[in-house]
Amino acid sequence: MNKLLSLLLLLSLLISCSTKNEYLNSEKLNLNDFKIRKNLNGNIIDFDSLVMRPSDLLVIDSLLITIEPAEKRLFHIYNLNTKKKIANVINRGQGPNDMIWPQFMNANDNIISIADMATSTIYKYYISDLINTGNSPVPFKITKLSEMINTDVENFNDNIVCSTYSDEFQLSVFDQEGNKIKDIIEYPQSTLNYTNIEKRDAFYMNFITNQSDRIILCYYLTDLIEVYDQQANLYKRIHGPDHFFSYFKEYRDGEISSSTAVKGLNRDAYFSPENAGDEFMVLYNGGYIGDPDHSVYCNKLFSFNWDGEPNIIYMLDDPIFSFTVDTQNKKIYGISETPEFHIVEYSY
């Protein structure tokens, strides 16, 4: 009887949460708002070397670069035409030009930018140097940001934008020398009330830019996407397709305050937004985190234009958790683990 009562109370809370709460100045997104739905069949790429446990990947012309955080050398470079690994570069560590927790920023005009999240440092390399100068290529520019990075770093106009740890703003803007200019973009407002600590956890997110006049925030634990303009003003706030929220509860452990997810209520939402030229793409999950069979791997990939208008739903037969887009050849490369880690290629 107690289990039944608990289940009924949980269902009542879920129904109450879904019907009463809303984000201010938001538009509802539904699956039927997408113009097209496509089923994509993936091809597993059989490289001449094993793919271990990559955390991220980037495609540059005929090169595919993966980040292997557990390996001695972090970046593994493959030729997509020959399916051969051609280089392992940059040591994991704290020596000169080493990295600890790298993340791709972007690649343009034979230049690749990589952020080491652990040290808040941005490295710029000539792509040709990554494959032609041995195991320890030397960056031609190193920029140390004046504050710690949280989840993401992106170029925007002539500046650098990154997520930082703040109770009021989600992003900070830095100049090309790493000096902070200003904070931008407040947390979303809704009918739910969060403490500052709950708010930071509830609105954990990734963001991307088109590098000129759009910043896109995609939230992990609520199916919310926000579009901001060149002046970081809200252009559009989209809630959906399942219209759920993120629930956290603050607690104290001695002098330390933290928060924990409310059991049974939270769901995974948007993962790994990517710039795809005239549009952006983002993985969508929607599953309840506490379910025994829940996986962070996603079989839905949404595309939107940079104004936040929905375009296409891609249904993936091999679920992925991170991806990169080759817009010239209309290819998507994703990381999958079924039954073991591999790179899957989709034509779209």
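Quantities reported herein were computed from a predicted structural model and do not represent experimental measurements.

Visitor: I'd like a rundown of the sheet that holds strand 2 (residues 36-40), residues and numbers included.
Guide: A sheet is described by the order of its strands in space; here 5 strands give the open sequence 2-25-24-23-22, paired in mixed fashion. Each edge of the open sheet carries a strand with a single partner, namely strand 2 and strand 22 (270-275). When the angles between neighbouring strand axes are averaged without regard to direction, this sheet yields 20°. Here strand 24 (residues 298-305) pairs with strand 25 (residues 310-320) via 6 bridges, running antiparallel. What sits directly across from phenylalanine 304, in strand 25, is proline 310.

Visitor: Quick one: what's the story with the side chain of asparagine 106, residue by residue and with numbers?
Guide: Here asparagine 106 lies in strand 8 (residues 102-108). A distance of 2.7 Å separates the side chain of asparagine 106 from the side chain of asparagine 155, its partner in a polar contact. With residues up to four places along the chain from it excluded, the contact list for asparagine 106 reads Ile111, Ile112, Ser113, Asn155 and Gln211.

Visitor: Quick one: what's the story with the sheet that holds strand 28 (residues 342-347), residue by residue and with numbers?
Guide: Overall, antiparallel pairing links the 4 strands, which are arranged 3-28-27-26 in an open sheet. Only two strands of the sheet have a single neighbouring strand rather than two, namely strand 3 (43-44) and strand 26 (322-326). Pairing of strand 27 (residues 331-336) with strand 28, which is carried by 6 bridges, proceeds in the antiparallel orientation. Among the inter-strand pairings, tyrosine 333 is bridged to a residue of strand 28, identified as glutamate 345.

Visitor: Account for the pattern of salt bridges, naming residues and giving values.
Guide: Counted by the stated rule, this structure contains 9 salt bridges. Between glutamate 309 and lysine 236 there is a salt bridge; the shortest N-O distance is 2.4 Å. Highlighted residues: glutamate 309 in the loop between strand 24 and strand 25 and lysine 236 in strand 19 (residues 234-239), separated in sequence by 73 residues. Judged by its relative accessible area of 35%, glutamate 309 is partly exposed. According to the relative accessible area criterion, lysine 236 is buried, its value standing at 9%. Measuring nitrogen to oxygen at the nearest pair gives 3.8 Å for the salt bridge that ties glutamate 345 to lysine 331. In this pair, glutamate 345 sits in strand 28 while lysine 331 sits in strand 27, placing the two residues 14 residues apart along the sequence. Overall, the relative accessible area of 17% leaves glutamate 345 in the buried class. The network of salt bridges with shared partners includes Glu147, Lys180 and Asp183.

Visitor: Mind laying out the environment of asparagine 233, listing which residues take part and the relevant values?
Guide: Assignment of secondary structure puts asparagine 233 in the loop between strand 18 (224-228) and strand 19. Judged by its relative accessible area of 43%, asparagine 233 is partly exposed. Taking the C-alpha atoms as reference points, asparagine 233 and glutamate 279, 46 residues apart in sequence, are found 20 Å from one another. Once residues within four sequence positions are removed from consideration, asparagine 233 is found in contact with Val227 and Tyr228.

Visitor: An account of the nonpolar core is requested, with residue identities and associated values reported.
Guide: Formed by 25 residues in total, the largest nonpolar core has its most connected members in Leu171, Ile184, Ile185, Ile215 and Leu217. Put simply, the parts of the chain that give this core at least two residues each are strand 14 (169-174), strand 15 (180-186), strand 16 (205-209), strand 17 (215-219) and strand 18. In terms of residues, this core owes the most to one element, strand 17, which gives 3 residues. Contact partners of leucine 217, with chain neighbours within four places excluded, come to Gln170, Leu171, Ile185, Met205, Asn206, Phe207, Leu224, Ile225, Glu226 and Tyr228.

Visitor: If you had to explain the side chain of aspartate 116 to someone new, which residues and values would you point to?
Guide: In this fold, aspartate 116 is placed in strand 9 (residues 111-116). Buried and unpaired, aspartate 116 has lysine 144 as its nearest opposite-charge partner, separated by 8.2 Å. A polar atom in the side chain of aspartate 116 sits 2.9 Å from the backbone nitrogen of tryptophan 101. There is a polar contact of 3.2 Å between the side chain of aspartate 116 and the side chain of threonine 119. Contact partners of aspartate 116, with chain neighbours within four places excluded, come to Asp98, Met99, Ile100, Trp101, Pro102, Thr121 and Tyr123.

Conventions and cut-offs
- Residues numbered from 1 in each chain as written.
- Predicted model: local features only at pLDDT ≥ 70, side-chain atom pairs only at ≥ 80, totals over all residues.
- Heavy atoms only, no water.
- Pairing = 2+ DSSP bridges.
- Helix = DSSP H or I, 4+ residues; strand = E, 2+ residues; numbered from the N terminus.
- Axes fitted to C-alpha atoms, helices over the stretch in contact; angles between N-to-C directions.
- Polar contact = N/O pair within 3.5 Å; in protein donor to acceptor, adjacent residues only side chain to side chain.
- Contact = heavy atoms within 4.5 Å.
- Salt bridge = Lys/Arg side-chain N within 4 Å of Asp/Glu carboxyl O.
- Buried < 20%, exposed > 50% of the residue type's maximum accessible area, 1.4 Å probe, protein only.
- Core = buried A, V, L, I, M, F, W, Y, C linked by side-chain atoms within 4.5 Å.
- Lys, Arg positive; Asp, Glu negative; His and termini not counted.

Just distances and angles here, no functional claims.
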